[in-house]
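Here are the chains, one letter per residue:
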Amino acid sequence: MQDEKLIEVSLEAVTSRVQELKESTQAFLAKLEHEQLSWPSVLDNYALLSGQVNTLTKLLKNEKTPFFRNLVLLPLLVQQEPDPDIQKATDGRVQAFNHEVVPDYLRTKYDPEIEASEQKLEAMAASVPPDQAQRQIATLNELATNLIDTITSAREDWEGEQSAASRSSSTVNPDLNTLVTAVTFGKGLKPAKITKGRGSKAEKAQSGWPNEKSMNKAPSSVKVDAKTAASVHHMPRLTGLTVEQDLYNNKE
């Protein structure tokens, strides 16, 4: 009597967990069909389903849960008429517990195709020598270890780069781009203003500006050049003197 009560309670708990998993799966499928989910939302739904599967697995592996594989199910009533209880339990998938449904729902073996594929895999595994199997296992473990080390190293490097970037971004001058454009293209720089007034003679000489004496002598030099051109046009030739000396001699 106590075993029957324990089996009944365990079946109710398993049925409840399976029903929750079923509802979550149906809701997720409905979202995939009618909504445009983002990747974080998809991950959240997968995490929910994974958690429910783990809860169901722990319940089945609990020491207080009876081992359902050792139990035998026998149909109490096989009929062709629709059964409301079976319709409700199966959400309308099974209308009646008839001779067609019983072999599928109460079977204890796989389908013939699946059973043949499983036997083929078992035969291939049994044909491998033990020494070769151990070498393959050691090689696989080595590859897995190297892969884990590579991923861990890459993760550490990435985290170091992220921390260094965060530290450098906190110390970088926010006006760096403005400074670079100003130095490279002169953007934002104001032209130097020229101050009015008389400067020193040295500054004027260095800057190349004409002084007052040169400004006063400019008209006379122009006249001299004109006279020079005229005199040069009428003179047959020049002696070994310069043009200014010839003009000076002519004036005398």
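Residues numbered from 1 in each chain as written. Predicted model: local features only at pLDDT ≥ 70, side-chain atom pairs only at ≥ 80, totals over all residues. Heavy atoms only, no water.

The name given to the protein in an unreviewed UniProt entry is Mediator of RNA polymerase II transcription subunit 8, and the organism recorded there is Desmophyllum pertusum. Under the Sequence similarities (unreviewed entry) heading, UniProt states for the protein: "Belongs to the Mediator complex subunit 8 family." (UniProt positions renumbered as here; feature names shortened; annotations may be inferred.)

(A) Fine view of the overall build of the protein. For the protein, the count of helices and strands is ten helices and zero strands. The N-to-C order of helical and strand elements in the protein reads α-α-α-α-α-α-α-α-α-α. Residues counted as buried form 10% of the 252 residues belonging to the protein. Pairs at least 24 residues apart make up 40% of the contacts formed inside the protein by residues separated by at least 6 positions. Total accessible area on the protein stands at roughly 22400 Å², and carbon and sulfur atoms take up 58% of it. (Helix = DSSP H or I, 4+ residues; strand = E, 2+ residues; numbered from the N terminus. Buried < 20%, exposed > 50% of the residue type's maximum accessible area, 1.4 Å probe, protein only. Contact = heavy atoms within 4.5 Å. Areas by Shrake-Rupley, 256 points an atom, 1.4 Å probe, with all protein chains shown as cover.)

(B) Representation of the environment of Leu-71 within the structure. Within the secondary structure layout, Leu-71 lies in the loop between α2 (39-61) and α3 (84-89). Along the sequence, Leu-71 and Ile-7 sit 64 residues apart, while their C-alpha atoms lie 9.9 Å from each other.

(C) Looking closely at the nonpolar core. The biggest cluster of nonpolar side chains holds five residues, and these are Ile-86, Val-94, Phe-97, Val-101 and Val-102. Residues within four places of Val-94 in sequence aside, it is in contact with Ile-86, Gln-87, Val-101 and Tyr-105. (Core = buried A, V, L, I, M, F, W, Y, C linked by side-chain atoms within 4.5 Å.)

(D) Seen up close, the side chain of Thr-90. By the secondary structure assignment, Thr-90 is in the loop between α3 and α4 (102-105). Only 2.6 Å separates the side chain of Thr-90 from the backbone oxygen of Ile-86, close enough to count as a polar contact. In terms of polar contacts, Thr-90 uses its side chain to reach the backbone amide nitrogen of Val-94, at 3.2 Å. (Polar contact = N/O pair within 3.5 Å; in protein donor to acceptor, adjacent residues only side chain to side chain.)

(E) Quick look at the pattern of salt bridges. One pass over the structure, following the stated rule, counts four salt bridges. Across the pair Arg-107 and Asp-111 runs a salt bridge whose closest N-O atoms are separated by 2.5 Å. On the accessibility criterion, Asp-111 (27% relative accessible area) is partly exposed. One salt bridge in this structure joins Arg-155 and Glu-159, with 3.3 Å as the shortest N-O distance. With Arg-155 and Glu-159 both in helix α6 (residues 130-171) and four residues apart, the pair spans about one turn of that helix. For Arg-155, a relative accessible area of 57% puts it in the exposed group. (Salt bridge = Lys/Arg side-chain N within 4 Å of Asp/Glu carboxyl O.)

(F) Highlighting the layout of surface pockets. Volume-wise, the largest pocket comes out at about 1500 Å³. Counting residues per element, the ones that place at least two in the lining of the largest pocket are α1 (2-34) and α3. The element that contributes the greatest number of residues to the lining of the largest pocket is α1, accounting for seven residues. Of the residues in the lining of the largest pocket, the class split is 19 nonpolar, four polar and seven charged. (1 Å grid on protein atoms, 1.4 Å probe; cavity = no way out; pocket = protein on both sides within 12 Å on 5 of 7 lines; lining within 4 Å. Points joined across faces, edges and corners; volume = space filled by probe spheres on them. Nonpolar A, V, L, I, M, F, W, Y, C, P; charged D, E, K, R; others polar.)

(G) Region of the structure containing the packing of aromatic side chains. Tallied over the entire structure, the rule returns one aromatic pair. Each ring, one from Phe-28 and one from Tyr-46, has its centre 5.3 Å from the other, and the planes form 70 degrees; the classification is edge-to-face. With Phe-28 in helix α1 and Tyr-46 in helix α2, this residue pair connects regions lying 18 residues apart in the sequence. (Phe/Tyr/Trp six-rings, centres within 6.5 Å; stacked < 30°, edge-to-face > 60°.)

(H) Seen up close, a negative patch on the surface. Together, Asp-3, Glu-4, Glu-8 and Glu-12 give the surface a local cluster of negative charge. Its place among the elements puts Glu-4 in helix α1. Overall, Glu-4 belongs to the exposed group, its relative accessible area being 56%. (Patch = residues over 30% accessible without salt bridge, like charges linked within 9 Å, V, L, I, M, F, W, Y side chains within 5 Å. Lys, Arg positive; Asp, Glu negative; His and termini not counted. Charge placed at Lys NZ, Arg CZ, Asp CG, Glu CD.)

(I) Local environment of the side chain of Ser-24. As for its position among the elements, Ser-24 is in helix α1. Once residues within four sequence positions are removed from consideration, Ser-24 is found in contact with Leu-48, Leu-49 and Gln-52.

(J) Spotlight on the environment of Asp-83. Position of Asp-83 among the secondary structure elements: in the loop between α2 and α3. Among the residues examined, Asp-83 registers a relative accessible area of 18% and is labelled buried. In this structure, the C-alpha to C-alpha distance between Asp-83 and Ala-96, residues 13 residues apart in sequence, is 5.3 Å. Of the polar contacts made by the side chain of Asp-83, one reaches the backbone nitrogen of Asp-85; its length is 3.2 Å.

(K) Summary view of unusual backbone geometry. Notably, Asp-91 is not glycine yet its phi reads approximately 55 degrees, a positive angle. In this fold, Asp-91 is placed in the loop between α3 and α4.

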